[in-house]
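Coordinate analysis (summary)
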Amino acid sequence: MKITIETKPLEQVKADALVVLHEEGGVLAQSENEALRHHFDNFSKDVAAKRSKREWFCTLAKDSGVATHHLLLDSVKFGDWAPHDESLKITAARAVDLCRQHSLTKLAFAVHHTVAPTKAAAIVEGVILGDFQDTRFKSSDRERAALELKIVVSPDAAKDVRAAVDRAVAISEAQNMARELLNAPNNVLTPEAMADHAVALAKRHGMKVTVLDEKQLRKQGYLPTWNVGRGSEYPPRIIVIRYTPKKAVLREHLALVGKGMTFDSGGLCIKPGDSMHRMNGDMGGAAAVLGAMEAIGRLRPPVRVTAVIGSAHNAVDGAAYHPGCIITAKNGKTIYVENTDAEGRLVLSDCLYIAGEEKADVIWDFATLTGSVSAALGSAYAGLFTEDEALRMVLLEASQNTGDGLWPLPITREYEPSLKHHLADMNNIAGDRKAGAIHATNFLKSFVPKDTRWAHLDIAGVAQHDKRFRYLRPGGSGYGVRLTMEAIRLLVERES
Ligand code: BES
Ligand code: ZN
Ligand code: ZN
């Protein structure tokens, strides 16, 4: 998408549609032009009337009488519930929808200079994420004209706006890449294909990458991952990508761990058929981590980051791992598999071990781990589990700043005995069926390397949406890419 920063007076901006953002107290852009001012005034009255009715609206005024422009106006403020700038992104995406409906491709947004950089970034995000439509698997109607976007600001704001826009473009495009990964069907995005994607990404950005295939996994003792993947035609992989900045401002080495089940049938403890198709998206954690690595490659933050992704296809087959088997993990602990559907934690046990081998100081893991978390928090919040107060604060702040919703849940020692087993060191599911997301976290906790600060994000409810969610069309959400980039930015800002 071509994005330019315009500093001309509004009435001279050439576009198919000009979007003038409006919030309580006035428009976010002013104009000296009589006709435009008149239009803004009328619109303000309209907004006030509709806001009192709490209605959504969006108008495309073709006959504004201003130059050749269509004038598109919209309201920004939609209640106090919304996290930072979410309503602005929703508005931007609505504007895009309207333009698409009317086959308009040149879109200009006017932003007032006092709020320009952050608002411009939110608009760009709303436009890029809102316009994303995955047509790769359609046999017709695949092509759409590319949008051209102009952000109209006063000349003194242009430089800061350009920087904010460039960052927003890099992160939003990386998020769309994550959405494509999630949407790709399991017969296309196999663990091997995910590894190929990771290798290409790493090469593109000058990062080091290692891939362990099924033979290496077995030989080197990554038996949890090997067992989870052994029933499939598409064998498992563990992928490690290493990014080393020229100069690290942050002293700590960060590991991003992602659950990458390209499909989760439940294995022999098979899932019900009506919702099983969604388990195509059981690699939302891997998508988040790869999306973040793409954004890191583009923006090159001064932080050492290692990505560890465990990818497998949990299938049903004579060779598939069985309930009742006992598997020895890489750290020597034995795991009784009571349920083959609790496979993510097995794969993650290997990834957490590798993060330790890589000498990470801090680990953030992203995993579509439990149905329990989506029952508790729904589709707007991922569950955050950490015993590290500082990590909790920074991740929650990043959530507030980005709109990737996150809510803290407890890691409860009291529940740890539920994972005991009389034959092995631990069971892969808890005797107590309640609080499944907490038991899963307790399971992971016993594989977190010593002296490592760790946060676990259970993203089962947020990684994909069946219906439109805010400004995202149905499908993969790319959850976690913005959150990771913002948390890194906050940490770097505090260190420097
Ligand atoms: N991949 C699922 C979790 C999931 C559920 C993700 C719904 C997205 C939407 C995971 O592997 C799983 O099956 N978990 C089980 C664990 C249970 C067997 C202890 C669950 O949550 O039911
Ligand atoms: Zn499962
Ligand atoms: Zn799963």
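Residues numbered from 1 in each chain as written. Chains lettered and ligands numbered in written order. Predicted model: local features only at pLDDT ≥ 70, side-chain atom pairs only at ≥ 80, totals over all residues. Heavy atoms only, no water.

**What to know about the coordination of the zinc ion (ligand 2)**
Within the protein, Asp264 (OD), Asp341 (O), Asp341 (OD) and Glu343 (OE) serve as the donor atoms for the zinc ion (ligand 2), at 2.0 to 2.2 Å. If you look at the zinc ion (ligand 2), its six donor atoms make angles of 72 to 165 degrees with each other, and the shape they trace is irregular. We note that the donor set of the zinc ion (ligand 2) lies within a single chain, spaced as D-x76-D-x1-E. Between the zinc ion (ligand 2) and the zinc ion (ligand 3), the interatomic distance is 3.2 Å, and Asp264 donates to each metal, bridging them. Here the residue Asp264 occupies a position in strand 10 (residues 254-264), and Glu343 occupies one in the loop between strand 13 (334-336) and helix 10 (344-357), the gap between them amounting to 79 residues. Neither Asp264 nor Glu343 differs from the other in exposure class; each is buried. (Donors = N, O, S within 2.8 Å, 3.2 Å for Na, K, Ca; no water. Tetrahedral: all angles 85-135°; square planar, octahedral: opposite > 155°, others 65-115°. Helix = DSSP H or I, 4+ residues; strand = E, 2+ residues; numbered from the N terminus. Buried < 20%, exposed > 50% of the residue type's maximum accessible area, 1.4 Å probe, protein only.)

**Quick notes on the site of ligand 1**
Neighbouring ligand 1 are 15 residues; Lys271, Asp282, Asp341, Glu343 and Gly371 lie closest to it. The side chain of Asp341 places a nitrogen or oxygen atom 2.8 Å from an oxygen atom of ligand 1. Between ligand 1 and Thr368, the relevant distance is 3.4 Å, taken from a nitrogen atom to a main-chain nitrogen or oxygen of the residue. Coverage of ligand 1 by the protein amounts to 75% of the 520 Å² it exposes when considered alone. For the shell around ligand 1, the per-class residue count stands at four nonpolar, four polar and seven charged. (Near = heavy atom within 4 Å. Polar contact = N/O pair within 3.5 Å; in protein donor to acceptor, adjacent residues only side chain to side chain. Areas by Shrake-Rupley, 256 points an atom, 1.4 Å probe, with all protein chains shown as cover. Nonpolar A, V, L, I, M, F, W, Y, C, P; charged D, E, K, R; others polar.)

**With respect to helix 2 (residues 86-101)**
In a regular helix each residue adds 1.5 Å, so 16 residues correspond to 22 Å; helix 2 covers 23 Å between its end C-alpha atoms and thus fits that length. Here helix 2 lies mainly inside the structure; 13 of its 16 residues are buried. Remark: Ser103 follows helix 2 within two positions and exhibits a positive phi of approximately 55 degrees. (Expected span 1.5 Å × (residues − 1).)

Keep in mind these numbers describe shape, not what the thing actually does.
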